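Overview (structure and organization)
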Amino acid sequence: MAVHDDCKLKFLELKAKRTFRTIVYKIEDKQVIVEKLGEPEQSYDDFAASLPDNECRYCIYDFDFVTEENCQKSKIFFIAWSPDTAKVRDKMIYASSKDRFKRELDGIQVELQATDPTEMGLDVFKSRTN
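Overview of the structure. The structure presented is a predicted model; accordingly, all values stated were derived computationally and were not measured. (Residues numbered from 1 in each chain as written. Predicted model: local features only at pLDDT ≥ 70, side-chain atom pairs only at ≥ 80, totals over all residues. Heavy atoms only, no water.)

**A few points about the overall build of the chain**
The number of helices and strands found in the chain is 4 helices and 6 strands. In the chain, the succession of α and β elements from N to C terminus is β-α-β-β-α-β-β-α-β-α. The C-alpha radius of gyration of the chain comes to 14 Å, within 12% of the 14 Å expected for a compact globule of 130 residues. Oriented by its inertia axes, the alpha-carbon framework of the chain measures out at about 45 × 30 × 25 Å. Evaluated residue by residue, the chain yields a buried proportion of 42% over its 130 residues. In the form shown here, the chain has an accessible surface area of approximately 7,400 Å², with 47% of it arising from carbon and sulfur atoms. Between the averaged position of the 21 positive side-chain charges in the chain and that of its 25 negative side-chain charges there is a distance of 5 Å. (Helix = DSSP H or I, 4+ residues; strand = E, 2+ residues; numbered from the N terminus. Rg over C-alpha atoms; globule rule 2.2 N^0.38 Å. Buried < 20%, exposed > 50% of the residue type's maximum accessible area, 1.4 Å probe, protein only. Areas by Shrake-Rupley, 256 points an atom, 1.4 Å probe, with all protein chains shown as cover. Lys, Arg positive; Asp, Glu negative; His and termini not counted. Charge placed at Lys NZ, Arg CZ, Asp CG, Glu CD.)

Below, the structure is given as structure tokens:
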């Protein structure tokens, strides 16, 4: 599985400059490409609604939160979106290429595997920031 250079470049931009809130990647023609970029002011709900109901995706979400000490922080989440309604072949392709793709993106702090929206809700993000 090839990874388009744009995938790494956009991730580095998000990490260094915070120019995006989210990045959605998809596999097309045996290569991972950037499908959508979410603006910094995009809400979590906008991001969740942008994921297809019956297709797999890889996603990056830059999650902002406030610690118990009242410090503003953020963590970069990698989400492997694999809904139950996706084709079995697609699930297998995404699952088998996930680790190789993740290695291309240096700086992921938390990984989530989600088969439905409840597995990547805001409460899940908050629980994984500790």
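**Focus: the sheet that holds strand E1 (residues 2-3)**
Ordered by their spatial adjacency, 6 strands build an open sheet running E1-E3-E2-E4-E5-E6, and the pairing between neighbours is mixed. Each edge of the open sheet carries a strand with a single partner, namely E1 and strand E6 (110-114). Packed on one face of the sheet, helix H3 (residues 88-104) meets E1, strand E2 (22-28), strand E3 (31-38), strand E4 (57-66), strand E5 (72-81) and E6 and runs near 55 degrees to E4. (Pairing = 2+ DSSP bridges. Contact = heavy atoms within 4.5 Å. Axes fitted to C-alpha atoms, helices over the stretch in contact; angles between N-to-C directions.)

**Some details on the pairing of E4**
Counting buried positions over the 10 residues of E4 gives 8, a clear majority of the element. With 4 bridges joining them, E2 and E4 adopt antiparallel strand pairing. Across the sheet, residue Thr-22 finds its bridge partner in E4, namely Tyr-61. The pairing of E4 with E5 spans 10 bridges and is classified as antiparallel. Its bridge partner lying in E5, Phe-65 is registered against Lys-73.

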